[in-house]
Amino acid sequence: MPSRRPDLVRAVLVAVSIVVWMAIASFGGQAQGKLSQVQTNDTAAFLPSSAESTLAAEAGREFVEAPALPALVVLTPAAGGQVTDTQVEQVTAVAQAVPQHAVPGTDAVWADYLTADPVVTPSQDGEAILVVYSLDADSAEELVGDEESVTGAFVGDLRATLDDELGATASSAGEAGLNAWVTGPAGFVADLVTAFGGVDGILLVVALVAVLLILVVVYRSPLLPFVVILTAVFALTLAGLVVYLLADSGTLVLNGQAQGILSILVVGASVDYALLLVARYREELRHHEHPAAAMRRAWRACLEPIAASAGTVVAGVLCLLLSELGSNRSLGPVAAIGIVSAFLAALTLLPAFLLIGGRRSRFYFWPRTPRYVETSATSADATPAEPTGVWGRLARWVGRHARAVWVSTAAVLVAFAAFLPTFSAEGTSETDVFRTEVDAVAGEEVLAAHFPAGSVDPVTVIVAQGDADAAARAAQGVDGVASVAPYTGTPAGAPTGDQAEPLVVDGRVRLDVSTDAPSDSRAAQDTVRDVRTAVHDVAPDALVGGAAAETVDSVDAAQRDLRVIVPVVLVVIVLILTLLLRAVTAALVLLLANVLSFAATLGVAAILFEHVFDYPGADPTVPLFAFVFLVALGVDYSIFLMTRVREESLRDGTRVGVVRGLAVTGGVITSAGVVLATTFAALAVIPLLFLAQLAFLVAFGVLLDTFVVRTLLVPALVHDLDHRTWWPSRLARPRVPARER
C-alpha cells in the first residue's frame, strides 16, 4: 500500500487540475462569446483628457442638450441625372417615419435616442439627397435587442428600411429609382463593429485549424496535437473571463483590435509553451521509466525559460500603460492577462492532460512513442551524446564558421534595416481602414461628390465672444476651409437663416468650420492643424475640436507613445535578460540582435507596403504594437536557446554549449516560431488595414527571429565571444571543459 501512495496523490492532483480548468472553461466560454458586447470603438473615448479635442468636446457640450453622433443617408438616382420632386417626397416620408420605429428588444422608439428630427436636404447640383440623423452620442454604446449597440442597431434598421420601403441599397434601386448608402460617423462605427465581428468566429477558427495542421506535422501523432490545442482553448477561456469582467466593470477599455490580438496571443503563446514542455518531456521519457518522473524533470527544466519568456512579454506589454491613448493602455493589461493565462494552462493543465493515463501516459505520442532506455549514465554530470540530425549538422557548421556567419547575417539585416526611414506611419483616413467594400466608405465618396464634404461633421472652434470675429477670419483664410459659421442652435444639416444670432454660452461662442475634405480624411486632418495654428495666433485660449481634430490628437498621441514606450521596453527587457542569464553581455547581445531584426522587418515592410501591397500608409500604433510584440516575443526564442546553452556551458564550456544547445532546441523553437507566425498571420482574415499590417509585421518578424536571429546570428556571435558572453558571472572566466579534465 505505501508504494501506491504517490500514484494516488498524483491522480488526485491531475483530477483537481482538470476539474478546476473545466469550471473555468464553463464560465469563460460564455464570457469569451460576450466580449464584443463590452467593446468601445469610438476614437474619442481613447483620447487623453488633456487633448485639445477632448477639451473642446467638453466645452461644446454646453451648446447642446446632448452631443450627437451623425448617421448620414445619401441617395442618388440609379440612372444618374437630377433628383425628382417625387423622389424627394418619397425619401422625406420614409426618413420622417424612422424615429417612430421600435428599438429592438425594448419598449422605446428611435426618437428616444435622437437629439433632433431628421433633416432632408437635396444637393445644390440637384443630383443627390442627404438625410441627417443625430444619434445621442452618450447612448450610442448602450446595448439593445440581441446585445447590439444602439449605433449598430440604428444603422442596421436604417439600411433595412431603405431596402424595404424604397428598394434602395448601394447595388439596387427599387421603384423609387434610387441607390442609398448609410455613412457618416455612425455608419463607420457600425461597419467597424461588423468587421470586428469576425474576431469571435472566423479568426479563432482559422488560427486553431492552421496551428492544428502544423502540430500534426511536428508531432506526427493523431492525439498530441489535440491535447495542445485544447490547452490553448482553455487558456483562452480564462483570459476571456478575466478580460470580460474587467471590461464590464469599466476597469479597462476593450476595443475590437485588442480582442483580436488577445485571441491570437493566447493561442500562439499557449502552443509555444506547450511545444517547449512536450519536447523536454519526450526527451526525459527516454531516461525515466515512469511518465510522472519524466514530467517532473521536464517541468522543472522548463519552468525557468517559460516563466522568463512569459515575464518578458508581460513586462513588455505592460509598458503600454505609459501610453496617452486609452486603447493602447488597455491593450497592455489585456495582453498580459492573455500571456499569464497561457502560462498557467501550459504548466498546470497540459501536464495533467499528459499524465491522465498514469504509467501508460506514453500513448499520446503514438505511433512515435518514446521508449525508456535504461542506462547508467543518467547523472547530470554525464557527457551527452554528440548531437545528430539536421540540427546537429547545422549547429556544428555554425560553430566552425561562427565569425563569418554572424558578420554576414548582421550585414544582411542592416541592409534591410536601411529602409526603415521610408516606413510611413503618419496615420490614414477612415476610408482606408477597410480592405473590402463597405457601405460607409462608398457612401462617403458619394457624399463628397455632391455635398460640402466637411459640413455635416465640421471642425468646431470654441472661442471667447470677443475673439470670435478674428478667429472666424483666421479660420476662413486657411486653405481647405469651405466656410465658417457661428453655431446658432440649429441641428447639423438643417438650413439656417442668415439673420440668426450666434448662441453664446458663458461668454463663448462655437464656430463651425466646414472643410473641403471629409472629416475622416488625411486632408481634413492637415486642415485642422492649419486651423489650430491660425486661430491660436489670434485667440490663444480657443479650443479646436471635432472628429478630424480627434483623429489628429490620436495620431499625435500615438507618435509620442512610440518615442516614450520603445526605450522603456528596451530597458525593461535588458534588465530581465540580465537577471535570467546572470550576464550583462549576453543580455545586450540578445537585445541588440532582436532590435536589429525588428528594424530589418520594418525595412522589408516599407518596401512591400508601398510597392507591392500599395497600402496608403499606416497608423502610428502599428510600429508601436509590432515593436512591443516582436521584441518581447523574439527575445522568447533567444531565451529558450540561451537557457539551454547556459545549462550545457556549465558542463562543457560555452562553445560546446552553443553547438549542443542549438542542436537540441532547434526543432522545437523552429516549430514554436512557425506556430506563432501562423497565428498572427491569421489576423489578416479580419478585413481591416491595421490588423493586416500588424499580422505581416509580427508574422514576418517572428520567422526572421526564428530562422535567422536565433538559428544563425545569436549562436554564431555567442560562439565567437566564447566565455566573454557571460560577463560578469563566473562563467566568464576561461575554463577547461569537463571532458578535458
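Nothing here was measured: the structure is a model prediction, and the numbers come from that model.

Trainee: When you look at the overall build of the chain in this model, what are you seeing that I'm missing?
Mentor: Within the chain one finds 21 helices and 11 strands. What you see for the chain is a C-alpha radius of gyration of 30 Å, in line with the 27 Å of a compact globule of 741 residues. C-alpha atoms of the chain, sized along the principal axes, occupy 100 × 55 × 50 Å. A total of 741 residues make up the chain; the buried ones form 56% of that total. Intrachain contacts of the chain at a sequence separation of at least 6 include 80% that bridge at least 24 residues. Counting only carbon and sulfur atoms, one obtains 58% of the accessible surface of the chain, whose full area is about 30300 Å². In the chain, 45 positive and 73 negative side-chain charges are present, and the distance between their average locations comes to 31 Å.

Trainee: Teacher, can you tell me more about the environment of proline 540 here?
Mentor: Mapped onto the fold, proline 540 is located in the loop between α16 (522-538) and β11 (543-545). On the accessibility criterion, proline 540 (63% relative accessible area) is exposed. Along the primary structure proline 540 and valine 463 are separated by 77 residues, whereas in three dimensions their C-alpha atoms are 9.2 Å apart.

Trainee: When you look at the packing of helix α10 (residues 291-318) against helix α11 (residues 326-354) in this model, what are you seeing that I'm missing?
Mentor: Between two packed helices, what matters for the description is the angle formed by their axes and the separation of those axes. For the pair α10 and α11, interaxial distance at closest approach is 8 Å and the crossing angle is 170 degrees. The angle between α10 and α11 places the two elements in the roughly antiparallel class. Every residue of α11 that contacts α10 at Met295, Trp299, Leu303, Ile306, Ala307, Ala310, Val313, Val314, Val317 and Leu318 is listed here: Gly332, Pro333, Ala335, Ala336, Ile339, Val340, Phe343, Leu347, Pro351 and Leu354. Here the contact of α10 with α11 is composed, by residue class, of 19 nonpolar, one polar and no charged.

Trainee: What is the right way to look at the confidence of the model for the chain in this model?
Mentor: If pLDDT is low for a region, its predicted coordinates should not be looked at in detail. Predicted confidence across the chain gives a mean pLDDT of 88, with 94% of residues reaching 70 or more. Across the chain, element-level confidence peaks in helix α13 (residues 402-417) with a mean pLDDT of 96 and bottoms out in helix α2 (residues 43-46) with 64. Segment residues 377-381: pLDDT under 50, and three contacts once partners within four positions in sequence are set aside and those in other chains are kept. This stretch, residues 737-741, has a pLDDT under 50; its non-local contacts, to residues over four places away or in other chains, come to eight contacts.

Trainee: I'm lost on the packing of aromatic side chains in this one. Help?
Mentor: Throughout the structure, instances matching the rule amount to 18 aromatic pairs. Where phenylalanine 234 meets phenylalanine 353, the ring centres are 6.2 Å apart and the plane angle is 80 degrees; that geometry is what we call edge-to-face. Of the two residues, phenylalanine 234 is situated in helix α8 (residues 224-248) and phenylalanine 353 in helix α11; the sequence distance between them amounts to 119 residues. Grouping residues by exposure puts phenylalanine 234 and phenylalanine 353 together as buried. Aromatic pair phenylalanine 609 and phenylalanine 613: ring centres 6.2 Å apart, planes at 40 degrees, arrangement tilted. Residue class for phenylalanine 609 comes out buried when judged on its relative accessible area of 6%.

Trainee: Would you explain the sheet that holds strand β1 (residues 68-77) in this entry?
Mentor: Taking strand neighbours across the sheet as the criterion, the four strands line up as β2-β3-β1-β6 in an open arrangement whose pairing is antiparallel. Because the sheet does not close on itself, it has two edges, and the strands there are β2 (119-122) and β6 (178-183). Taking the axes of each pair of neighbouring strands and ignoring which way they run, one obtains an average angle of 20 degrees across the sheet. Sheet topology places β2 next to strand β3 (residues 129-136); four bridges connect them, and they run antiparallel. If you follow valine 120 over to β3, its bridge partner there is valine 131. Docked against the sheet, helix α6 (residues 184-196) engages β1, β3 and β6, running at close to 95 degrees with respect to β1. Packed onto the sheet, helix α14 (residues 439-450) meets β1, β3 and β6 and runs at close to 110 degrees relative to β6.

Trainee: How should helix α7 (residues 202-219) be read in this particular structure?
Mentor: Think of an α-helix as turning once every 3.6 residues; residues three or four places apart then point the same way. The first and last C-alpha atoms of α7 sit 25 Å apart over 18 residues, in line with the 26 Å expected at 1.5 Å per residue. Along α7, the positions that sit buried rather than exposed are Leu203, Leu204, Ala207, Leu208, Val211, Leu212, Ile214, Leu215 and Tyr219. Residues of α7 that are buried in the fold lie against α8, α9 (256-285) and α20 (654-681). Directly after α7, the chain includes arginine 220, whose backbone phi takes a positive value near 50 degrees.

Trainee: Would you mind going over a nonpolar patch on the surface with me for this structure?
Mentor: A cluster of nonpolar side chains, namely Leu8, Val12, Val16 and Val20, defines an oily patch on the protein surface of about 340 Å² accessible area. You can call valine 16 partly exposed: its relative accessible area is 45%.

Trainee: Where do I start with the nonpolar core in this structure?
Mentor: Here is a general trend for soluble globular proteins: nonpolar side chains tend to be buried in one another's company. Residues Tyr273 and Phe629 are the most contacted members of the largest nonpolar core, which totals 171 residues. Among the elements that take part in this core, helix α19 (residues 621-652) stands out by supplying 18 residues, more than any other. With residues up to four places along the chain from it excluded, the contact list for tyrosine 273 reads Ile306, Ser309, Ala310, Ile339, Ala342, Phe343, Ala346, Asp636 and Phe640. One finds Ala71, Leu75, Val91 and Tyr113 within the second-largest nonpolar core, a separate group that totals 34 residues.

Trainee: Can you walk me through the environment of serine 597 in this structure?
Mentor: Inspection of the secondary structure assignment puts serine 597 in helix α18 (residues 584-611). Setting aside residues no more than four positions away along its own chain, serine 597 makes contact with Gly701, Leu704, Asp705 and Val709. Within polar-contact distance, the side chain of serine 597 engages the side chain of aspartate 705 at 2.9 Å.

Trainee: Just to check I follow, could you spell out the pattern of salt bridges for this structure?
Mentor: Between side chains of opposite charge, a pair can form when the charged atoms approach closely. Inspection of every chain in the model, using the stated rule, returns 21 salt bridges. Here arginine 159 makes a salt bridge to aspartate 191, at a shortest N to O gap of 2.9 Å. With arginine 159 in helix α5 (residues 150-166) and aspartate 191 in helix α6, this residue pair connects regions lying 32 residues apart in the sequence. Overall, aspartate 191 belongs to the buried group, its relative accessible area being 9%. One salt-bridge network, held together by shared partners, links Glu283, Arg644, Glu648, Arg651, Asp652 and Arg660.

What counts, and where the lines are drawn
Residues numbered from 1 in each chain as written. Predicted model: local features only at pLDDT ≥ 70, side-chain atom pairs only at ≥ 80, totals over all residues. Heavy atoms only, no water. Helix = DSSP H or I, 4+ residues; strand = E, 2+ residues; numbered from the N terminus. Rg over C-alpha atoms; globule rule 2.2 N^0.38 Å. Buried < 20%, exposed > 50% of the residue type's maximum accessible area, 1.4 Å probe, protein only. Contact = heavy atoms within 4.5 Å. Areas by Shrake-Rupley, 256 points an atom, 1.4 Å probe, with all protein chains shown as cover. Lys, Arg positive; Asp, Glu negative; His and termini not counted. Charge placed at Lys NZ, Arg CZ, Asp CG, Glu CD. Axes fitted to C-alpha atoms, helices over the stretch in contact; angles between N-to-C directions. Parallel < 35°, antiparallel > 145°, perpendicular 65-115°, else oblique. Nonpolar A, V, L, I, M, F, W, Y, C, P; charged D, E, K, R; others polar. pLDDT = per-residue confidence, 0-100. Phe/Tyr/Trp six-rings, centres within 6.5 Å; stacked < 30°, edge-to-face > 60°. Pairing = 2+ DSSP bridges. Expected span 1.5 Å × (residues − 1). Patch = residues over 30% accessible without salt bridge, like charges linked within 9 Å, V, L, I, M, F, W, Y side chains within 5 Å. Salt bridge = Lys/Arg side-chain N within 4 Å of Asp/Glu carboxyl O. Core = buried A, V, L, I, M, F, W, Y, C linked by side-chain atoms within 4.5 Å. Polar contact = N/O pair within 3.5 Å; in protein donor to acceptor, adjacent residues only side chain to side chain.

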